[in-house]
Amino acid sequence: MSSNVIYRAFGFRQYQCLRTTDSRGMVSLHLWQAPKHDRCSHCQSTNVIRHGAEERVFRTVPIGSKPVELRLPVPRLGCHDCGLVRQAAIRFARPFRRFTH
């Protein structure tokens, strides 16, 4: 699935779809965000550095009759301006949620 389809179907602008898998009757979209879009989740500064990532899984609206999950490595960002190390903010989901808006 191309990134253009991801944008039109779900409205995700800054994410690219690396691959699509279909297992257990569920469609999994493996997304990736370029480092140029990284911002501190506290002060919104772009002066950040990556400190690894953790994959998170989100449920979203189904495509046809198949449920869809989004797999996204969420980077830990160290901010040079405010000094905090936090996970990057995810634009399509609220904090501590496992489903999209």
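Residue indices begin from 1 for each chain and proceed along its sequence in written order. Selection of residues for local features in this predicted model requires a pLDDT of at least 70, selection of side-chain atom pairs for listing and counting requires 80 or more, and totals for whole chains, interfaces and linings are taken over all residues. Just so you know, side-chain values use all the structure's heavy atoms and leave hydrogens and water out.

**Here's the deal with unusual backbone geometry**
Right, on to step 1. Here the phi dihedral of arginine 24 falls at roughly 55 degrees; this positive angle occurs in a residue that is not glycine.
Right, on to step 2. With respect to the helices and strands, arginine 24 occurs in the loop between strand 1 (15–23) and strand 2 (26–33).
Right, on to step 3. Three labels apply to residues, based on accessible area from a 1.4 Å probe with only protein chains included: buried if under 20% of the type maximum, exposed if over 50%, partly exposed otherwise in between. Owing to a relative accessible area of 70%, arginine 24 belongs among the exposed residues under this scheme.
Right, on to step 4. With phi around 65 degrees, phenylalanine 96 is a residue other than glycine that occupies positive phi space.
Right, on to step 5. Here a helix means four or more residues in a row that DSSP labels H or I, a strand means two or more in a row labelled E, and each is numbered from the N terminus. The topology assignment puts phenylalanine 96 in the segment after strand 5 (85–87).
Right, on to step 6. On the accessibility criterion, phenylalanine 96 (79% relative accessible area) is exposed.

**Examining the pattern of salt bridges**
Right, on to step 1. Throughout this description, the term salt bridge denotes a Lys or Arg side-chain nitrogen within 4 Å of a carboxyl oxygen of Asp or Glu. One pass over the structure, following the stated rule, counts 4 salt bridges.
Right, on to step 2. With its nearest N and O atoms 3.2 Å apart, the salt bridge here joins glutamate 55 to arginine 71. A residue pair is termed long-range when its members are at least 10 positions apart, and glutamate 55 in strand 3 (residues 48–63) and arginine 71 in strand 4 (residues 66–79) qualify at 16 residues.
Right, on to step 3. The class for glutamate 55 is partly exposed, based on a relative accessible area of 47%.
Right, on to step 4. Here glutamate 69 makes a salt bridge to arginine 71, at a shortest N to O gap of 3.2 Å.
Right, on to step 5. Among the ionic contacts, a cluster of salt bridges with common partners joins Glu55, Glu69 and Arg71.

**A word on the side chain of histidine 30**
Right, on to step 1. Locating histidine 30 in the fold gives a position in strand 2.
Right, on to step 2. Since its relative accessible area comes to 11%, histidine 30 is described here as buried.
Right, on to step 3. Here a polar contact is taken to be a pair of N or O atoms separated by no more than 3.5 Å, where protein atoms must pair a possible hydrogen donor with a possible acceptor and residues adjacent in sequence count only if both atoms sit in side chains. Within the local environment of histidine 30, its side chain forms a polar contact with the side chain of threonine 21, the two groups lying 3.4 Å apart.
Right, on to step 4. If we ignore the near neighbours within four places in the chain, the residues touching histidine 30 are Gln16, Cys17, Leu18, Arg19, Thr21 and Arg71. Contact definition: two residues touch when any of their heavy atoms are within 4.5 Å.

**Comments concerning the nonpolar core**
Right, on to step 1. We define a nonpolar core as any set of buried Ala, Val, Leu, Ile, Met, Phe, Trp, Tyr and Cys residues linked to one another through side-chain atoms lying within 4.5 Å. Ranked by size, the top nonpolar core spans 16 residues in total, and within it Phe12, Leu29, Leu31, Ile90 and Phe92 carry the most contacts.
Right, on to step 2. Of all the secondary-structure elements, those providing two or more residues to this core are helix 1 (3–10), strand 1, strand 2 and strand 4.
Right, on to step 3. The greatest single-element share of this core, amounting to 4 residues, is contributed by strand 4.
Right, on to step 4. Among all residues touching leucine 31, those that are not within four sequence positions of it are Ile6, Phe12, Tyr15, Gln16, Cys17, Leu70, Arg71, Leu72 and Pro73.
Right, on to step 5. Ranked by size, the runner-up nonpolar core spans 5 residues in total, among them Cys40, Leu77, Cys79 and Ala88.

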